[in-house]
Amino acid sequence: MIYFDNAATTRMKPPQVAEAVAAAINDFGGVGRGVHEASLDAGLTVFRCRRALATLFNAPDAKRVVFAANVTEALNVVISGLLHRGDHAITTAASHNSVLRPLFRKADEEQVDVSILSVSRDASIDYDEYERLFKPTTRLVVVTHASNLTGDVYDVARMARIAHEHGALICIDTAQTAGAVPLDMARDGLDIVAFTGHKSLYGPQGTGGLALAEGVDIPSFKEGGTGTHSYDRRQPDFYPEHLEAGTLNAHGIAGLLAGVSYLQDKGIDSLAAQVHELTERFEEGALGIEGIKVYGGHADIGRTGIVALNVGELDSGTVADALGHDYGICVRAGAHCAPLMHRALGTDTQGAVRFSFSSFNTPEEVDAGIRALREIARA
Amino acid sequence: MLESLPTNNMSGNLTLGCFQLARLLFLLGHAFFLPVREGHPIFDCPFCHVPAHPGEKIDCCLTFGSHADAFALHECARAHGYSTRISTTPRAIQASCGVGLLVECGDVAHLEELARRERIDMEDIVPLPCQIDPRRDKYC
């Protein structure tokens, strides 16, 4: 099998990730529940993972890193907690349904006013148009750091600056960039970073969360046990417990810590350079095949390891099926949970075939992918 | 199940009585007799290495609202060579579950400074008699 669906989840992880999860399953007690050795193993591991993520994102401190089941849950916490009747929110057409659906629900059920910044056919956005969307009631901007369809990275520092000038908070969806693109919350003025653990952070599925800038407060969305202040009637108002009720996925977080530690050892820049080389190699090869059309991927400030394409007028699902069945190559076709982006690119009917690479892929695998595409295009 | 939870009633419990006395004296010392630096009293525990009963050692328990703060100070303190141990917060200290950090009372001033520098929030500093005593407080 050749796995080119790393934008969905990284399948090939550093071996220490699985080792950490296995050790955690064998060793951990309840995280934050009790102070015996087994519980402390879990508690300290979770704390170390918070600290590692705070360092990775340059968040204020470990306490401002809150775990959730995934980035979708994290984004829902932000959107449902911060937006209320009369508020205005801004997003972009590059957003994933994990942003769009919670926003649309707010619009439908609570009359939250939602503006969507358009994306052009080359997947770029117009930052002047973005600024024109602000209103006196704009409370929150929720944008993707990079398109999960084309890999284009957007200038979130610029967007944050504009949002702050208008008195709004900015939340970025880093599903495609956490671990793949260096992030600096302090430098870029990011208020809220929603992350997933199982993609470029190399953690297990079921991990993700939020990193919050100092002063950002989100109402708790669930209440329950925290292992602290048990006699208080209400959820603690301090972080991370404020947004964490119930036993955390400490087994998964142990794996996430191993993944983040791997990233820190290797360096995001170094791994990103490997991915970039594979991506460029693939794109160059694909563009040499007659009938192949590539979408986006040429943003000024960078791209992730994604190449989205179509082969002539072939349905993207047909191409993905041929790649999987005949060549053992795993890619993702269809809508990628990014309906507005597909409409912007004109691929809402055909879909697109998304190849996405990780640092564990090899140039030989990339060349095999190009050969397979060439044969499919000839057929 | 609620009936089986430990209560906060300290009457008739010798260990808790000692604890209360030690805490009261500690707080009085903290509040009235210690020099003030930047608005906070400089900790110089009057009980450090002074037994509550002959042969009894007093440790200090640092308490926190968040587990993350306790773990943060534990790791930070150890990295700076201080002896710390994470323990269950005695129920008598606060009416809630939680983790505490057992430290030498003589280290408290340094640990407070470390916590301030690392932006770690502590709730309280409480002297406790003999934490390895099997008769010690009941836990959550």
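For the structure itself, look to the data block above.
Residues numbered from 1 in each chain as written. Chains lettered and ligands numbered in written order. Predicted model: local features only at pLDDT ≥ 70, side-chain atom pairs only at ≥ 80, totals over all residues. Heavy atoms only, no water.

Peer 1: Hey, could you go over the pattern of salt bridges for me, with residue numbers and the actual values?
Peer 2: Following the criterion strictly, the structure yields 17 salt bridges over all chains and no others. Across the pair Lys106 of chain A and Glu110 of chain A runs a salt bridge, and its minimum N-O distance is 2.8 Å. Of this pair, Lys106 of chain A and Glu110 of chain A both sit in helix 4 (residues 97–110), four residues apart, which is roughly one turn of that helix. Judged by relative accessible area, Lys106 of chain A falls into the buried class, the value being 8%. With a shortest N-O distance of 3.2 Å, Glu280 of chain A and Arg303 of chain A are connected by a salt bridge. Here the residue Glu280 of chain A occupies a position in helix 9 (residues 268–287), and Arg303 of chain A occupies one in the loop between strand 9 (292–295) and strand 10 (306–311), the gap between them amounting to 23 residues. Among the ionic contacts, a cluster of salt bridges with common partners joins Arg48 and Arg51 of chain A together with Glu75 of chain B. (Salt bridge = Lys/Arg side-chain N within 4 Å of Asp/Glu carboxyl O. Helix = DSSP H or I, 4+ residues; strand = E, 2+ residues; numbered from the N terminus. Buried < 20%, exposed > 50% of the residue type's maximum accessible area, 1.4 Å probe, protein only.)

Peer 1: Which residues make up the sheet that holds strand 12 (residues 353–356) of chain A, and what values do they have?
Peer 2: Residues and elements named next belong to chain A. Judged by pairing direction, the sheet is antiparallel, and its three strands sit side by side in the order 9-10-12 without closing on themselves. Both outer strands of the open sheet, strand 9 and strand 12, are each paired with one neighbouring strand and no more. Each adjacent strand pair in this sheet contributes to an overall mean axis angle of 35 degrees, direction not counted. Packing against the sheet, helix 9 makes contact with strand 9, strand 10 and strand 12, and its axis sits at approximately 15 degrees to strand 10. (Pairing = 2+ DSSP bridges. Axes fitted to C-alpha atoms, helices over the stretch in contact; angles between N-to-C directions. Contact = heavy atoms within 4.5 Å.)

Peer 1: Help me get a handle on the interface of chain B and chain A, residues and values and all.
Peer 2: Listed per partner, the contact involves 24 residues of chain B and 22 residues of chain A. In total, chain B and chain A occlude about 1800 Å² of area from one another, counting both sides; carbon and sulfur atoms represent 56% of this. It is Phe71, Glu75 and Arg119 of chain B in chain B that bury the most area against chain A; as a group they hold 31% of the surface buried on that side. Applying the counting rule to chain B against chain A returns six salt bridges. For Arg51 of chain A, the salt bridge goes to Glu75 of chain B, with nearest N and O atoms at 2.8 Å. Where chain B meets chain A, there are nine residue pairs in polar contact (both at pLDDT 80 or more). Split by residue class, the side of chain B that touches chain A holds 10 nonpolar, eight polar and six charged. (Buried area = accessible area lost by both parts, 1.4 Å probe. Polar contact = N/O pair within 3.5 Å; in protein donor to acceptor, adjacent residues only side chain to side chain. Nonpolar A, V, L, I, M, F, W, Y, C, P; charged D, E, K, R; others polar.)

Peer 1: Explain the packing of aromatic side chains to me, using residue names and the numbers behind them.
Peer 2: Residue and element names in this part refer to chain A. If you walk through the whole model with that rule in mind, you get 10 aromatic pairs over all chains. Their ring planes at 65 degrees and their centres at 4.9 Å tell us that Phe4 and Phe357 sit as a pair that is edge-to-face. Taken together, the residues span a long stretch of sequence, with Phe4 in the loop between strand 1 (2–3) and helix 1 (15–27) and Phe357 in the loop between strand 12 and helix 12 (363–378) at a distance of 353 residues. Under the relative-accessibility criterion, Phe4 is labelled buried at 0%. Each ring, one from Phe282 and one from Phe357, has its centre 5.3 Å from the other, and the planes form 55 degrees; the classification is tilted. Of this pair, Phe282 sits in helix 9 while Phe357 sits in the loop between strand 12 and helix 12, placing them 75 residues apart in sequence. According to the relative accessible area criterion, Phe357 is buried, its value standing at 6%. Here the aromatic residues Phe4, Phe282, Phe355 and Phe357 are joined through ring pairs into a cluster of three or more. For Arg64, the ring lying beneath its charged end belongs to Tyr239, and the centroid distance is 4.7 Å. (Phe/Tyr/Trp six-rings, centres within 6.5 Å; stacked < 30°, edge-to-face > 60°. Lys NZ or Arg CZ within 6 Å of the ring centre and 35° of its normal.)

Peer 1: Would you mind going over the sheet that holds strand 3 (residues 88–92) of chain A in detail, with residue names and values included?
Peer 2: Residue and element names in this part refer to chain A. Across the sheet, seven strands lie side by side as 2-8-7-6-5-3-4; this open sheet has mixed pairing. A strand with exactly one partner marks an edge of an open sheet, and here the two such strands are strand 2 (65–68) and strand 4 (113–117). Averaged over all pairs of adjacent strands, the angle between their axes in this sheet comes to 20 degrees, without regard to strand direction. Of the strand pairs in this sheet, strand 3 and strand 4 are connected by five bridges, and their pairing is parallel. Its bridge partner lying in strand 4, His88 is registered against Asp113.

Peer 1: Pulling in residues and values, what's your account of the environment of Leu323 of chain A?
Peer 2: Residues and elements named next belong to chain A. Its location among the elements puts Leu323 in helix 10 (residues 316–327). Put simply, Leu323 and Ile376 are 53 residues apart on the chain and 8.2 Å apart in space, counted from C-alpha to C-alpha. The contact partners of Leu323, leaving out residues within four places of it in the chain, are Gly328, Ile329, Val331, Val353, Phe355, Ala372 and Ile376.

Peer 1: Can you tell me about the state of the cysteines, naming the residues and giving the values?
Peer 2: Simply put, disulfide is the name for a covalent bond between the sulfur atoms of two cysteines. Residue and element names in this part refer to chain B. As enumerated under the stated definition, the model contains one disulfide over all chains in all. Each sulfur in the disulfide pair Cys60 and Cys105 lies 2.3 Å from the other. Its torsion about the S-S bond being 105 degrees, the disulfide of Cys60 and Cys105 is classed as right-handed. Here Cys60 is found in strand 3 (residues 58–63), whereas its partner Cys105 is found in the loop between strand 5 (99–104) and helix 3 (108–117), with 45 residues between them in sequence. Like Cys60, the residue Cys105 is buried in the burial classification. (Disulfide = S-S within 2.5 Å.)

Peer 1: Describe the side chain of His242 of chain A, naming the residues involved and giving the relevant values.
Peer 2: Residues and elements named next belong to chain A. By the secondary structure assignment, His242 is in the loop between strand 8 (208–212) and helix 8 (250–266). At 2.9 Å, the side chain of His242 forms a polar contact with the backbone oxygen of Ile218. The residues touching His242, leaving out its near neighbours within four places in the chain, are Asp217, Ile218, Pro219, Ser220, Gln235, Pro236 and Asp237.

Peer 1: Describe empty space enclosed by the protein, with residues and values.
Peer 2: The final tally for this structure, using the stated rule, is four cavities of 30 Å³ or more. Looking at the largest cavity, its volume works out to about 180 Å³. The wall of the largest cavity is formed by 17 residues, among which Arg50, Thr226, Glu244 and Leu248 of chain A together with His67 of chain B lie closest to the centre. If you list the elements that add at least two residues to the lining of the largest cavity, you get helix 2 (37–57) of chain A together with helix 2 (67–79) of chain B. The residue makeup of the lining of the largest cavity, split by class, is six nonpolar, seven polar and four charged. (1 Å grid on protein atoms, 1.4 Å probe; cavity = no way out; pocket = protein on both sides within 12 Å on 5 of 7 lines; lining within 4 Å. Points joined across faces, edges and corners; volume = space filled by probe spheres on them.)

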